[in-house]
Amino acid sequence: MSGELEGRVALVTGAGQGVGAAISDALEREGATVVRTDIKGTDVTLDVRDEDAVGRVVADIVAEHGKLDIAVPNAGVAFVKPLVEVSLAEWRELMAVNLDGVFVTAREAAKVMAPAGKGAIVNVASVTGLRSAPLIGAYGASKHGVVGLTKTLGAELRDVGVRVNCVCPGFADTEMVSSHAQELTDAIGAPVHDVINARQGRLGTVEEIANTVLFLVSDRASFSTSNAYVMDGGLYGALV
Ligand SMILES: NC(=O)c1ccc[n+]([C@@H]2O[C@H](COP(=O)([O-])OP(=O)(O)OC[C@H]3O[C@@H](n4cnc5c(N)ncnc54)[C@H](O)[C@@H]3O)[C@@H](O)[C@H]2O)c1
């Protein structure tokens, strides 16, 4: 541990397990004070679909710590279904978490970071936000949205000193993947882990994703904003 985030205050959504928990652990190891939020399993309960609640949590952080330096809108959900079978209700339910939730969290964080003239936001997108994602098309569309809002928010905030980037992981070893593995296997007619191994070698670990986020929130990434960082074992680059 180098303590390079000593004195910084961070907000992470969806921090109860998986990627969000690993990001929170990594930020804490580097000395940051981390407010872990989730719809379940954390001290601070926060449903990112609740716009007012997101605003209240950010206001509480500023009231208690005097500032917010780092925000990681990470909460996300997924379901397996070809796009032509997705109902508008299912689509909206997913977008409410994956796109609206990231937008509102990043916006509320930016509102307090901009007047302070500093801050780093890292949205958790996905490699499916950069390429097609058959069978998880609603999820992929939401992640394309996250990449898009990252680019523009970063551009809008660049000159006030707030950096906004996103991380685009490939398949990682979390409940999000394990809970849909059988469905994906049935849908593609081959063991999904064989397909993943063929495309990216193995599942990524949550620590590997957290390391990318750690870099992006740190001063080592001082010249980076509006960017999407792929961390995927070669999945994005593979033609087949
Ligand atoms: N696991 C992967 O392969 C992978 C790949 C690329 C991107 N991602 C992204 O990483 C992020 C974390 O996913 P994960 O793999 O850790 O999944 P996960 O299912 O293990 O964890 C997601 C967390 O989000 C929380 N959550 C769900 N809905 C919420 C809501 N409305 N408000 C607040 N919290 C809510 C859950 O309670 C859970 O703790 C997601 O945005 C996901 O899309 C994951």
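Let me sum up the structure you'll find in this document. (Residues numbered from 1 in each chain as written. Predicted model: local features only at pLDDT ≥ 70, side-chain atom pairs only at ≥ 80, totals over all residues. Heavy atoms only, no water.)

**Some words on the environment of Ser 2**
For step 1, the next point in the chain: With respect to the helices, strands and loops of the structure, Ser 2 is situated in the segment before strand 1 (9–12).
For step 2, the next point in the chain: A relative accessible area of 57% places Ser 2 in the exposed class.
For step 3, the next point in the chain: Taking the C-alpha atoms as reference, Ser 2 lies 34 Å from Arg 199; in sequence the two are 197 residues apart.
For step 4, the next point in the chain: Separated by 2.8 Å, the side chains of Ser 2 and Glu 30 make a polar contact. (Helix = DSSP H or I, 4+ residues; strand = E, 2+ residues; numbered from the N terminus. Buried < 20%, exposed > 50% of the residue type's maximum accessible area, 1.4 Å probe, protein only. Polar contact = N/O pair within 3.5 Å; in protein donor to acceptor, adjacent residues only side chain to side chain.)

**Thoughts on a nonpolar patch on the surface**
For step 1, the next point in the chain: On the surface, a cluster of nonpolar side chains totalling about 280 Å² of accessible area is made up of Leu 83, Leu 88 and Trp 91.
For step 2, the next point in the chain: Mapping Leu 83 onto the fold places it in the loop between strand 4 (70–72) and helix 3 (88–116).
For step 3, the next point in the chain: Relative accessible area serves as the criterion here: at 49%, Leu 83 is assigned to the partly exposed category. (Patch = residues over 30% accessible without salt bridge, like charges linked within 9 Å, V, L, I, M, F, W, Y side chains within 5 Å. Areas by Shrake-Rupley, 256 points an atom, 1.4 Å probe, with all protein chains shown as cover. Salt bridge = Lys/Arg side-chain N within 4 Å of Asp/Glu carboxyl O.)

**So, the nonpolar core**
For step 1, the next point in the chain: In this structure, Ile 23, Leu 27, Val 72 and Val 217 are the most contacted members of the largest nonpolar core, which totals 26 residues.
For step 2, the next point in the chain: For this core, the elements supplying multiple residues, two or more each, are strand 1, helix 1 (18–29), strand 4, strand 5 (119–124) and helix 8 (206–217).
For step 3, the next point in the chain: At seven residues, the largest contribution of residues to this core is made by helix 8.
For step 4, the next point in the chain: Leave out the neighbours within four places in its chain, and Leu 27 touches Leu 5, Ala 10, Val 12, Ala 32, Val 34, Ile 70, Val 72, Leu 214 and Val 217.
For step 5, the next point in the chain: Val 35, Val 57, Met 113 and Ile 121 belong to the second largest nonpolar core, which has 21 residues in total. (Core = buried A, V, L, I, M, F, W, Y, C linked by side-chain atoms within 4.5 Å. Contact = heavy atoms within 4.5 Å.)

All we've got here are geometric facts, nothing functional implied.
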